[in-house]
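An overview of the molecular structure
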Amino acid sequence: MSRRKVPVGPKSLTIGPFVYSVDLKWPGEESIKANHAGQCRYFPCEIVVSEDLNDQRRGEVLLHEALHGIFYNSLKHNRQVNANEETIVDAFGLGLIALMRANPDFMPYLAKLIALSEPK
Ligand SMILES: [Zn+2]
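Rules used in this analysis
- Residues numbered from 1 in each chain as written.
- Predicted model: local features only at pLDDT ≥ 70, side-chain atom pairs only at ≥ 80, totals over all residues.
- Helix = DSSP H or I, 4+ residues; strand = E, 2+ residues; numbered from the N terminus.
- Contact = placed C-beta atoms within 7 Å.
- pLDDT = per-residue confidence, 0-100.
- Pairing = 2+ DSSP bridges.
- Core = buried A, V, L, I, M, F, W, Y, C linked by C-beta atoms within 7 Å.
- Buried ≥ 20, exposed ≤ 12 C-beta atoms within 10 Å, placed from the backbone.
- Axes fitted to C-alpha atoms, helices over the stretch in contact; angles between N-to-C directions.
- Parallel < 35°, antiparallel > 145°, perpendicular 65-115°, else oblique.
- Left-handed = near helix turned anticlockwise from the far one by under 90°.

Summing up its helical and strand segments, the protein chain has five helices and four strands in all. The order of helices and strands in the protein chain, counted from the N terminus, is β-β-α-β-β-α-α-α-α. Principal-axis analysis of the C-alpha atoms gives the protein chain an extent of 45 × 45 × 25 Å. Sequence-distant contacts, at least 24 apart, represent 50% of the contacts inside the protein chain between residues at least 6 apart.

In this section: the confidence of the model for the protein chain. Here the protein chain shows a mean pLDDT of 88. Residues at 70 or above account for 93%. For the protein chain, the element scoring lowest by mean pLDDT is helix α1 (residues 29–33), at 73; strand β1 (residues 12–15) scores highest, at 97.

Glancing now at unusual backbone geometry. Even without glycine at this site, C45 takes up a positive phi of about 55°. Within the secondary structure, C45 is located in the loop between β3 (38–41) and β4 (46–50).

In terms of strand pairing, strand β2 (residues 18–25) meets β4 through five bridges, oriented parallel. Following the sheet pairing, D23 is matched in β4 by V48. Two strands pair when backbone bridges link them, and β3 and β4 are joined in this way by four bridges, in the antiparallel orientation. Pairing of Q39 across the sheet is with V48, part of β4.

This brings us to the nonpolar core. Generally speaking, nonpolar side chains in soluble globular proteins are found buried as a group. Of all hydrophobic cores here, the largest spans nine residues; its members are I15, Y20, A37, C40, I47, V48, V49, V61 and L62. Taken together, the elements giving at least two residues each to this core come down to β4 and α2 (55–75). For this core, the element with the highest residue contribution is β4, accounting for three residues. Ignoring sequence-local partners within four residues, the contact set of I15 consists of Y20, A66, G69, I70 and N73.

Right, let's get into the packing of α2 against helix α4 (residues 85–102). Where α2 meets α4, the closest approach of the two axes is 9 Å, and the angle between their N-to-C directions is 130°. Comparing their axes, α4 and α2 come out oblique. Taken as a pair, α2 and α4 cross one another with a handedness that is right-handed. Residues E60, L63, H64, L67, H68 and F71 of α2 touch α4, and the partners they reach there are E85, I88, V89, F92, G93, L96 and I97.

This part takes up the sheet that holds β1. Taken in spatial order, the four strands line up as β1-β2-β4-β3 in an open sheet, and their pairing is mixed. Across the chains shown, the open sheet's two edge strands, defined by having one partner strand only, are β1 and β3. Geometrically, the sheet is characterised by an average inter-axis angle of 20° between neighbouring strands, direction not taken into account. Against the sheet, α2 makes contact with β1, β2, β3 and β4, and its axis sits at roughly 25° relative to β3, the strand it touches most.

The structure is reproduced here in structure tokens:
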């Protein structure tokens, strides 16, 4: 029986000017030993998320890797901030999940506001 209740997500994510492919893959023994459940590869524009995650963890890891992409686009030249990338990405990822979970109407509302703000 599969633990997956939510269908597999998007095949790609646009992060800034780049389109990242999104793939579910078995992470391999080295990633498991290093406790890595996902990876954002900047130059080939790939996000890989372990296929062996339940829905909650898959969502958290996918958001985490997308935040790495945002971080890299914006802050890759800031060495001081770069040294703390993992901590910053974790803080925002877990914080955003808690915000969305506690306020389920917030993201759909925000999406409407943003869509309304786009030029026609
Ligand atoms: Zn990370």
